[in-house]
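# Per-entry structural report
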Amino acid sequence: MSKQRFRMGQIALLAGALALSACSYAPVMTGNIPSQSAMVAKGKGVLTLQPQVNAGGYRLQSIVSPYTKASIQHLVVKVFALVNGVEVPVIDGQGNQVSADLLNSELDDPVTFGNLMIDTTYRIRCYAYKAAGTAGADLISTNDSQSYVDVVVANDDRPVMASLKVKLIDVIFNGEATSSGVIVTDGGFQNNGPVTIGKGFKAFVSSIAGNGTDGYADGPAASAMIANVSNLAFDSAGNLYFTDDMNYKVRKLDTNGNITTLPGSYFHPRGVAVDASGNVFVADAWNRRIVKITTDDQVEIFASGFSNPSNITFDLNGNLVIADMEASLLKKVAPNGMVTTFSTSQAFACPSMITSDRNGNLYLVDGPTRSAIYKIDQAGQVTLFAGNGVPGYADGVGAAAQFNQVAGLAVDAANNLYVSDISDYRIRKVTPDGVVSTVAGNGIEGYQDGPAMSAQFNRNSGIAFDSTGNLIIGDYGAHRIRKLHLH
């Protein structure tokens, strides 16, 4: 639902079994209501609604010409709380009423409101306008119970999609209405199902790109074809770049929801990173080089002479750090292209996945099983952070936890490390103190969207956080890009 304008935060060569051998690659409102004049959106409930528009109805002697869905230029959706039967506007952190404004082209898109309180009834009102702005003369929907829906944010842990209600007004014609005139059944919404939603916010997984077919086709995200996503990275504008390993392509999912292919010739592109200027860097693994794609689509060889550059990340100083897997080394490339070996307190065996946090620490997956994560501070001191090198599945603290082939790392705004655990088919979270928990995936290989802990992945690989703090996941075997909604 990237196209809606909101006044608040979101309220939405490997094949076969990908078996791994030594140094092989795998894709790897809290509080009370303050008054009856306003209610602050501070909870964690999330409500998703689907707009549906039907024409109004009339009794006319000869001509019937109601407004239709096509008559709506834009639809304003506003959120109220019912307090002792009184409508109270729900206010966001900026003091504005929580609302959404949908163009006609967006009327088929779901609308999501977040930060709602449990055990509260909300009234979602719709205002349809036939022209830009909100002039009363352009309002073509009724201001009665046929143009709102009441939704209970219940205490039952079940996120549910509800339906909006919109009733378009009658069109006045010359002609006398009679009881024997033409009758058009009143339009209006029929709710499609239960309108309760879960207790607080419950993380869930959705699919945002790829139609599930193993292939290659650019275009709208939902119909595009993707072979196998290895890694992902965002630029500052919110565009998502990903390496499509088995298509030998670097591709872009833009903020309008379209997938295009970047220029360049690659042989198993894997790691991808974007610098502060918007230049895209690609670990072109089997060509043993790092490729730079400038903002004007110029392709340059940024650095070469590596053994198998599997993953890349930027440090705080703008240096590109490279996990050169078969060389068993970390390399660093300065902005001027000078390559040096990253000096650390211990040697590595098969460094693969790598990322950095906001304090300048690096996190590195090492070892042939890819089941141990190390932390490297700015001085090069290496400590075991999570996992113990023995493949398996166990939450816990530090070395007591187990992973089964880590294929992606990403750090959130609070410096929590998220881990794509490819052979456990799960997404894991590691706090700065090393506490490991599972945040998505039921451990069964497959494809299923829905509540995070019952979702299924088919070899989840690279991961990256978007600007709103939700986790984007490359699903290597499902030929899709998935989204773990965390907020």
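These numbers were taken from a predicted model, which means no experiment stands behind them.

### With respect to the overall build of the chain
- Within the chain one finds zero helices and 40 strands.
- Buried residues in the chain amount to 53% of all 487 residues.
- Carbon and sulfur atoms make up 49% of the accessible area of the chain, which totals about 19600 Å².

### Looking at the pairing of strand β38 (residues 460–465)
- Buried residues dominate β38, accounting for six of its six residues.
- Taken together, the four bridges between β38 and strand β39 (residues 471–475) define a ladder with antiparallel strand orientation. Following the sheet pairing, I463 is matched in β39 by I473.
- Where β38 folds back on β39, the antiparallel hairpin that results is connected by five residues, among which G469 adopts a positive phi of roughly 90°.

### Some thoughts on the packing of aromatic side chains
- Applying the stated rule across the entire model yields six aromatic pairs.
- Where F267 meets W286, the ring centres are 5.2 Å apart and the plane angle is 80°; that geometry is what we call edge-to-face. Taken together, the residues span a long stretch of sequence, with F267 in the loop between β19 (258–261) and β20 (269–274) and W286 in the loop between β21 (280–284) and β22 (289–293) at a distance of 19 residues.
- Looking at F267, the relative accessible area reads 34%, which means it is partly exposed.
- Judged by its relative accessible area of 33%, W286 falls in the partly exposed class.
- Over the aromatic face of Y127 sits the side chain of K78, whose NZ or CZ is 5.5 Å from the ring centroid.
- Across the ring face of Y447, the terminal group of R480 is positioned such that the distance to the ring centre comes to 3.8 Å.

### As for the nonpolar core
- Judged by nonpolar contacts, the single largest core of 26 residues is most densely connected at L75, V77, F113, Y122 and I124.
- Of all the secondary-structure elements, those providing two or more residues to this core are β5 (74–83), β7 (99–103), β8 (111–116), β9 (120–129) and β10 (148–153).

### So, the sheet that holds β38
- With antiparallel pairing, five strands are arranged side by side in an open sheet as β37-β14-β40-β39-β38. Two strands lie at the open edges of the sheet, namely β37 (450–451) and β38, each paired on one side alone.
- Relative to strand β40 (residues 480–485), β39 runs antiparallel, the two being bridged by five bridges. Note on β40: the bridge partner recorded for G474 is I481.

### Focus on the environment of D395
- By the secondary structure assignment, D395 is in the loop between β31 (382–387) and β32 (396–397).
- Distance from D395 to V435, taken between C-alpha atoms, is 7.9 Å for residues 40 residues apart in sequence.
- Residues contacting D395, with those up to four places away along its chain left out, are A401, R428, V436, S437 and T438.
- For D395, the side chain forms a polar contact with the side chain of R428, separated by 2.9 Å.
- Polar contacts involving the side chain of D395 include one to the side chain of T438, which spans 3.1 Å.

### With respect to the side chain of N415
- Its location among the elements puts N415 in the loop between β33 (406–411) and β34 (417–421).
- Leaving out residues up to four positions away in the same chain, N415 has contacts with D357, R358, N359 and P432.

### Observations concerning the environment of Y127
- One can find Y127 in strand β9.
- When its relative accessible area of 16% is taken as the criterion, Y127 is described as buried.
- Between the alpha carbons of Y127 and N143 there is a distance of 7.8 Å; along the sequence they are 16 residues apart.

About the thresholds
Residues numbered from 1 in each chain as written. Predicted model: local features only at pLDDT ≥ 70, side-chain atom pairs only at ≥ 80, totals over all residues. Heavy atoms only, no water. Helix = DSSP H or I, 4+ residues; strand = E, 2+ residues; numbered from the N terminus. Buried < 20%, exposed > 50% of the residue type's maximum accessible area, 1.4 Å probe, protein only. Areas by Shrake-Rupley, 256 points an atom, 1.4 Å probe, with all protein chains shown as cover. Pairing = 2+ DSSP bridges. Phe/Tyr/Trp six-rings, centres within 6.5 Å; stacked < 30°, edge-to-face > 60°. Lys NZ or Arg CZ within 6 Å of the ring centre and 35° of its normal. Core = buried A, V, L, I, M, F, W, Y, C linked by side-chain atoms within 4.5 Å. Contact = heavy atoms within 4.5 Å. Polar contact = N/O pair within 3.5 Å; in protein donor to acceptor, adjacent residues only side chain to side chain.

By themselves, these observations are geometric and do not establish any function.
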